[in-house]
Structure formats: C-alpha cells, structure tokens
Amino acid sequence: MDAFLISTGVVALAEIGDKTQLLAFILAAKFRKPIPIILGVLVATIANHAFAGALGAWITSLVSPETMRWVLGVSFIGMAIWTLIPDKFDESEAKFARFGVFGTTVIAFFLAEMGDKTQVATVALAAQYHAFIPVVAGTTLGMMIANVPAVLLGDRIAGKIPVRIVHSIAALIFALIGVATLLGAGKSLGF
C-alpha cells in the first residue's frame, strides 16, 4: 500500500504546473469536451507509466541491491531538483487535432510524458518498491488527480494554484525519499 500511496501523492504534487497539466488546460480550452479528454489522459498515462514501471522493474534485475540503492537515492534527489524547475509547454505537442479529441489527447499526452519528470519518477518508484501494479496505479491516479480538475475547470483555476508551493512540497518529498533511500530505508525491500 505504501508504493501506491507514495506514488499517487508524489506524482499528483509533481504534476501541478507540469507541461502535461498545461496541455490539459489547452486541450480543454480548444475542444471543450471533457470526457474524451479525460479518457485520453487516462489511456495515455496508463500506457506511458506501464512502460516506465516495466523499465523500473527490469532495471532492478540488472544491478546489485547496493548499487540500486545509490542510483535510486541520487535519482530521487535529482527529481527533487528537477521539480523546482518550471516546465515550458510547446504548442506543437497539441497539434494532432485530425485524430479527434480522444486521439489527439492520447497522442499528445503520451508524447508529452516521454522523459517527463513523472515518467522518470515512475521508473524510480517501480525500481524502489518492486511493486509494478501499485506504482503504475498510483502514478496514474496522481496524474488524474492533477489533470482532471485542469480539464474540468480549465482557465478558471490556472492562475489560482500556488504552483511554486506545490512544487516545493513535491521536491521536499522526492528529496526525503532520496535521502531515506541513501540511508538504507529500503533494506527491507532488498536495497
């Protein structure tokens, strides 16, 4: 249950102000059809995070537990720093309108998530917890917690979210997980 809850919380916080949340705002404003956008976000996130979770599980089979502890600890601290850097959104990521609302959302979200901090976090969390399904379910729920309100409320809430504070909290959580991992908190998990 820890893997699910931590994955949900960390990704929900990290996603506030992220480029995929900005993409959700833009798609909502452009299409004004929240249900296919929300379903598109869900499908793209499951596909993207399942790939990331599988990668995280595979990585743990390649390196020793001691090496993995250091890689994960440093990765989480790196995620903390990355979370503090504001995202920029490229309008070209929303240009697939010929595929309809759902198709555009799936393609744009999947591509926007490639190499994004929430995808990297999913890799690290899956490696940390050895819990593919709880991590992917948690990171997917975290994405939905952050993006569904963006789709439903669009521009009305965009300027009212204290993005800097939310990013600081997410960065603190990533840093704490990183330090705890480096100090051996994952020994019960084999690290």
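Attention in this report is confined to the structure presented alongside it. (Residues numbered from 1 in each chain as written. Predicted model: local features only at pLDDT ≥ 70, side-chain atom pairs only at ≥ 80, totals over all residues. Heavy atoms only, no water.)

1. What about the overall build of the chain?
Then, number 1: Per the secondary structure count, the chain includes nine helices and zero strands.
Then, number 2: Counted from the first residue to the last, the chain has its helices and strands arranged as α-α-α-α-α-α-α-α-α.
Then, number 3: Residues counted as buried form 49% of the 191 residues belonging to the chain.
Then, number 4: Restricting the contact set of the chain to residue pairs at least 6 apart, pairs at least 24 apart contribute 90%. (Helix = DSSP H or I, 4+ residues; strand = E, 2+ residues; numbered from the N terminus. Buried < 20%, exposed > 50% of the residue type's maximum accessible area, 1.4 Å probe, protein only. Contact = heavy atoms within 4.5 Å.)

2. As for unusual backbone geometry
Then, number 1: Despite not being glycine, His 130 shows a phi value in the positive range, around 50°.
Then, number 2: Mapping His 130 onto the fold places it in the loop between α6 (117-129) and α7 (132-153).
Then, number 3: Among the residues examined, His 130 registers a relative accessible area of 45% and is labelled partly exposed.

3. As for the environment of Ile 85
Then, number 1: With respect to the helices and strands, Ile 85 occurs in the loop between α4 (65-83) and α5 (100-113).
Then, number 2: Put simply, Ile 85 and Asp 18 are 67 residues apart on the chain and 9.8 Å apart in space, counted from C-alpha to C-alpha.

4. Observations regarding a nonpolar patch on the surface
Then, number 1: A contiguous nonpolar surface patch, about 660 Å² in accessible area, is contributed by Phe 51, Leu 55, Trp 58, Leu 62, Val 63, Leu 111 and Met 114.
Then, number 2: Top contributing element to the nonpolar patch by residue count: helix α3 (residues 34-60), with three residues.
Then, number 3: Positionally, Met 114 belongs in the loop between α5 and α6. (Patch = residues over 30% accessible without salt bridge, like charges linked within 9 Å, V, L, I, M, F, W, Y side chains within 5 Å. Areas by Shrake-Rupley, 256 points an atom, 1.4 Å probe, with all protein chains shown as cover. Salt bridge = Lys/Arg side-chain N within 4 Å of Asp/Glu carboxyl O.)

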